[in-house]
Amino acid sequence: MKNNQHIAELLLSMDAAEQSPAPDPDRREKDLRQVLETNPGVSVLPAVARLGRRWKTLALAGSTVAATAALIIVPALSGGDPAFATWTAAPGQLSGTERDNAVSDCLRSRESVGGGMYADDLAAADVAIAERRGAWTTVVLTGADGFEATCTTDASAPWFNKGSFGSIGKPFPGESLSARGVRATELGTGVISDKPLSMAAGRVGADVTAIVYTSAAGKRIEATVSKGQFAFWLPGAEITNSSDQRVPIEVTFVDNSKETLYLSL
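Quick caveat: nothing in here was measured; it's all calculated off a predicted structure. (Residues numbered from 1 in each chain as written. Predicted model: local features only at pLDDT ≥ 70, side-chain atom pairs only at ≥ 80, totals over all residues. Heavy atoms only, no water.)

1. Description of the state of the cysteines
Formally: Any two cysteine sulfur atoms within 2.5 Å of one another count as a disulfide. Each helix corresponds to a stretch of at least 4 residues labelled H or I by DSSP, and each strand to a stretch of at least 2 residues labelled E; elements are numbered beginning at the N terminus. Relative accessibility thresholds used throughout: buried, under 20% of the residue-type maximum; exposed, over 50%; partly exposed, between the two (1.4 Å probe, protein chains only).
Evaluated as defined, the whole model comprises one disulfide. Note on cysteine connectivity: Cys106 is disulfide-linked to Cys151, with sulfurs 1.9 Å apart. As the torsion about the S-S bond is roughly 70°, the Cys106-Cys151 disulfide counts as right-handed. Here the residue Cys106 occupies a position in helix α4 (residues 96–110), and Cys151 occupies one in strand β6 (residues 148–154), the gap between them amounting to 45 residues. Across the pair, Cys151 and Cys106 agree in class, each one buried.

2. A look at the pairing of β6
So the rule is basically this: Only strands that DSSP links by at least two bridges are regarded as paired with each other.
Taken across its seven residues, β6 has seven buried, putting it largely inside the fold. Neither face of β6 is left uncovered, since the one carrying Glu148, Thr150, Thr152 and Asp154 and the one carrying Ala149, Cys151 and Thr153 both have all their residues buried. Bridge count between strand β5 (residues 136–142) and β6: seven bridges; the pairing is antiparallel. Counterpart to Thr138 in the pairing with β6 is Thr152. Hairpin remark: β5 followed by β6, antiparallel, with five residues in the connecting loop; positive phi at Asp145, about 60°. Bridge count for β6 against strand β7 (residues 164–169) is six bridges, and the pairing is antiparallel. When the sheet's bridge partners are listed, Ala149 is paired in β7 with Ile168.

3. Brief notes about the sheet that holds strand β13 (residues 229–235)
Rules: Angles shown run from 0 to 180 degrees and are taken between the N-to-C directions of axes, each axis being a line fitted to C-alpha atoms and, for helices, limited to the stretch in contact.
Spatial strand order, β8-β9-β13-β12: four strands in an open sheet with antiparallel pairing. This sheet does not close on itself; its edge strands, each paired only once, are β8 (182–192) and β12 (224–226). Within this sheet the neighbouring strands show an average axis-to-axis angle of 15°, counted without direction. Here strand β9 (residues 195–204) runs beside β13; their pairing, made up of seven bridges, is antiparallel. Residue Leu197 lies in a different strand from β13, and its bridge partner there is Pro235.

4. A look at the packing of aromatic side chains
What counts here: Pairing of aromatic rings covers Phe, Tyr and Trp, the last counted by its six-membered ring, and requires centre-to-centre distances within 6.5 Å; plane angles under 30 degrees mean stacked, over 60 mean edge-to-face, and any other angle means tilted.
Tallied over the entire structure, the rule returns seven aromatic pairs. Between the aromatic rings of Phe84 and Trp136, the centroid separation amounts to 5.0 Å while the plane-to-plane angle is 45°, which identifies the pairing as tilted. One end of the pair, Phe84, is in the loop between β2 (71–74) and β3 (92–93); the other, Trp136, is in strand β5, and 52 residues separate them in sequence. Exposure class is identical for Phe84 and Trp136. Each is buried. On the basis of an interplanar angle of 40° and a centroid distance of 5.9 Å, the ring pair of Tyr118 and Phe147 is categorised as tilted. Placement of the pair is Tyr118 in the loop between α4 and α5 (119–124) and Phe147 in the loop between β5 and β6, with a sequence separation of 29 residues. Across the pair, Phe147 and Tyr118 agree in class, each one buried.

5. A few points about the pairing of β5
Residues in a regular strand point their side chains to alternate faces of the sheet. The element β5 is largely enclosed, with a buried count of seven among its seven residues. Looking at chain direction, strand β4 (residues 126–133) and β5 are connected through seven bridges and run antiparallel. Residue pairing across strands places Arg133 opposite Trp136, the latter belonging to β5. Counting the residues between successive antiparallel strands, the hairpin from β4 to β5 contains two residues, one of them, Gly134, with a positive phi of roughly 65°.

6. Some points on the sheet that holds strand β15 (residues 258–263)
Adjacent strands of a sheet form backbone hydrogen bonds with each other and so pair up, either parallel or antiparallel. Reading across the sheet, the four strands line up as β11-β10-β14-β15 and stay open at both edges, with antiparallel pairing between neighbours. Of all strands in the sheet, those with a lone pairing partner are β11 (220–222) and β15, marking the two edges. Taking the axes of each pair of neighbouring strands and ignoring which way they run, one obtains an average angle of 35° across the sheet.

Purely geometric stuff here, so don't read any function into it on its own.
Right under this line is the structure:
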């Protein structure tokens with residue numbers, strides 16, 4: 001409990017919305033290093049929930065802090081309304097200039113995270129997923145040693161008011177996955193313009209061809225599965241506790257067989 005309280009205090013020190021005057025950048029960097037060095041067994045999700053839409057960056061490995069296998073969660077503070085009304089359960093693929101712009105925006109939004117610590121990984125990254133759901137685009141970039149960067153953006157927002165929700169890091173470096181395996185690296189709820197969205201993304205084995213999530217309202221939401229990665233999201237706070245919740249998904253394999261698997265972190 002003491003560690004949880006300490007982590008929450010550190011996260012708040014990095015949150016400009018909670019402070020006046022603005023926090024010192026050097027202190028933010030020091031605090032982030034302290035969070036990364038904290039006991040990997042301590043859950044920080046309650047602290048994230050309290051920070052709401054104002055949280056800036058948070059290093060996570062699954063639902064816990066770790067120095068060697070971290071994701072930096074980078075939520076947007078803008079966009080989303082009324083774009084949520086355009087969301088679709090079935091994704092469309094981005095192509096041409098639209099795809100190029102979405103990938104470029106993702107790279108640009110992630111290049112300074114962590115003081116540029118992933119600049120080389122971004123420069124060498126491949127595009128695994130580039131999808132559209134209504135006004136929203138999602139890009140997943142991958143690279144060596146388990147590198148991943150994800151960006152979900154309201155593409156209809158003006159350039160001066162556009163944000164990108166997602167993550168960047170190496171959550172499980174060097175880890176192999178079975179041919180029929182599915183591993184979530186991002187799972188939970190974020191907030192854009194006070195509107196919650198539930199996100200799931202991660203890796204799939206070579207035999208996985210499709211993933212469907214059935215929402216609480218009974219809507220079948222198709223994930224994009226491409227180049228060893230998967231991603232889907234939906235409006236609402238449906239996936240809220242990624243440390244305890246096991247999220248059921250229907251997985252289709254290359255032989256057309258299906259199986260219910262569970263996502264967790």
